[in-house]
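# Close look at the chain arrangement
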Amino acid sequence: MKSIEIDRGKRLQAQPTTGHNRFHPSIPPIVSVDEGEEVVLPTRDGVDGQLGPSTTEADIASMEAGAIHPLTGPVFVKGARAGDVLEVEFLDILPEPYAFTAIVPGLGFLRDLFTTPFLVHWQIRDGWATSPRLPGVRIPAAPFMGVSGVAPSMAQLRAWTARENDLISRGGMVFPPDVTGAVPGHGPAATEGLRTLPPRENGGNFDVKQLTKGSKLLLPVSVDGALFSTGDGHFAQGDGEVCVTAVETGLTGTFRLTLRDDMRLEWPMAETPMHVITMAFDPDLDDCVVIALRQMLDLICTRTGLDRYQAYSLASLAADVRVTQVVNGNKGIHVMLPKRYLTRGKVE
């Protein structure tokens, strides 16, 4: 087992050898693991400690937006090649004792209505989050990593940058490359690196709350070594993450990183002990549904031998189409199907 150490009392900029906050294939790995090996990755909270226990709503306005999503990684997985699938098994996820939730003016799904900052400081104890700012509310533990992804290839980076520039020209909500707050703070990763806010085909900020302990995330690999990174810990979250934050905290995750040679993926998918999950990200939720649902139909046909008409009917009866999040530029949809429907020759 390998492990990384970080000092959460210091910003990522002060410990740049422990992580990054942009996606770029040139970012060097901080650790290498054998295929199938476990690795322990502690993470900072999603705003890199800028909203600590002593902060107030006034501090929200002075946050450095370019520092958002400090990720721990990349992890180089020996033997991983472009076209492979990386299976990330979440063996354990442990939260820190402090968390926050914030309404940030200009962000969130109802950003036109909520223009005043609001900040909730949470105490995490005995599996619950409580705060005097939300009296009478107790949030049960369901910790997961909001961001998990692999490095894009240079071809993907160019294509996705062009796609997002086109969206900017049409008035879309996009966070373009920006060196301000970037880690690494120089070179192509700083000037060209993709911001971590929108989820993409390489994973990233998808906020699928079902990726708790015992689940598996499957990511399409685009570069040698995969270069896996994670962060943006959430103690709990509702589907949609409508105000743009969850119960945000630092987490320490233990992961097993395995290569799968029995499948090919264009988009991430996941497995929980009870469900398989397909997912998609796009500015248009309808397009997300189409992509995620077509992936689920492909999966049903492959695993069961049903034809597509049968699979489409089964999805309508047994699959749940859920809104993952609606606040990160690219919105998210995930489709959940109980695993019992994927037994070849027996569908019940």
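Model, not experiment: these values are computed from the prediction.

## Some details on the layout of surface pockets
For the largest pocket, the calculated volume is near 460 Å³. Around the largest pocket sit 18 residues that line it, and Arg264, Leu265, Gln295, Asp298 and Leu299 are the ones nearest its centre. With eight residues, the single largest contributor to the lining of the largest pocket is helix α3 (residues 285-304). Per-class residue counts for the lining of the largest pocket are seven nonpolar, three polar and eight charged. One number sums up the size of the second largest pocket: a volume of about 370 Å³. Lining the second largest pocket are 28 residues, and of these Val47, Ile68, Leu107, Leu197 and Val244 sit closest to its centre. The set of elements that each furnish at least two residues to the lining of the second largest pocket consists of β8 (98-103) and β16 (226-234). Class assignment of the residues belonging to the lining of the second largest pocket gives a composition of 15 nonpolar, seven polar and six charged.

## Description of the pairing of strand β20 (residues 320-325)
Relative to strand β21 (residues 331-338), β20 is paired through five bridges, and the arrangement is antiparallel. Residue Asp320 lies in a different strand from β21, and its bridge partner there is Met336.

## Some thoughts on the sheet that holds strand β1 (residues 2-3)
With respect to topology, nine strands assemble into an open sheet ordered β1-β5-β17-β7-β15-β18-β19-β21-β20, the strand pairing being mixed. Across the chains shown, the open sheet's two edge strands, defined by having one partner strand only, are β1 and β20. For strand β7 (residues 85-95) and strand β15 (residues 216-220), the ladder comprises five bridges, and the chain directions are antiparallel. Its bridge partner being in β15, Val85 is matched across the sheet by Pro220.

## Re the packing of α3 against helix α4 (residues 308-318)
In contact at an axis separation of 9 Å, α3 and α4 are set at 120° when each is read in the N-to-C sense. Regarding α3 and α4, the two cross each other, and that crossing is right-handed. Between α3 and α4, the residues in contact are Leu293, Arg294, Leu297, Asp298, Ile300 and Cys301 and Arg308, Ala311, Tyr312, Leu314 and Ala315, respectively. By residue class, the composition of the contact of α3 with α4 is eight nonpolar, no polar and three charged.

Rules of the game
- Residues numbered from 1 in each chain as written.
- Predicted model: local features only at pLDDT ≥ 70, side-chain atom pairs only at ≥ 80, totals over all residues.
- Heavy atoms only, no water.
- 1 Å grid on protein atoms, 1.4 Å probe; cavity = no way out; pocket = protein on both sides within 12 Å on 5 of 7 lines; lining within 4 Å.
- Points joined across faces, edges and corners; volume = space filled by probe spheres on them.
- Helix = DSSP H or I, 4+ residues; strand = E, 2+ residues; numbered from the N terminus.
- Nonpolar A, V, L, I, M, F, W, Y, C, P; charged D, E, K, R; others polar.
- Pairing = 2+ DSSP bridges.
- Axes fitted to C-alpha atoms, helices over the stretch in contact; angles between N-to-C directions.
- Left-handed = near helix turned anticlockwise from the far one by under 90°.
- Contact = heavy atoms within 4.5 Å.

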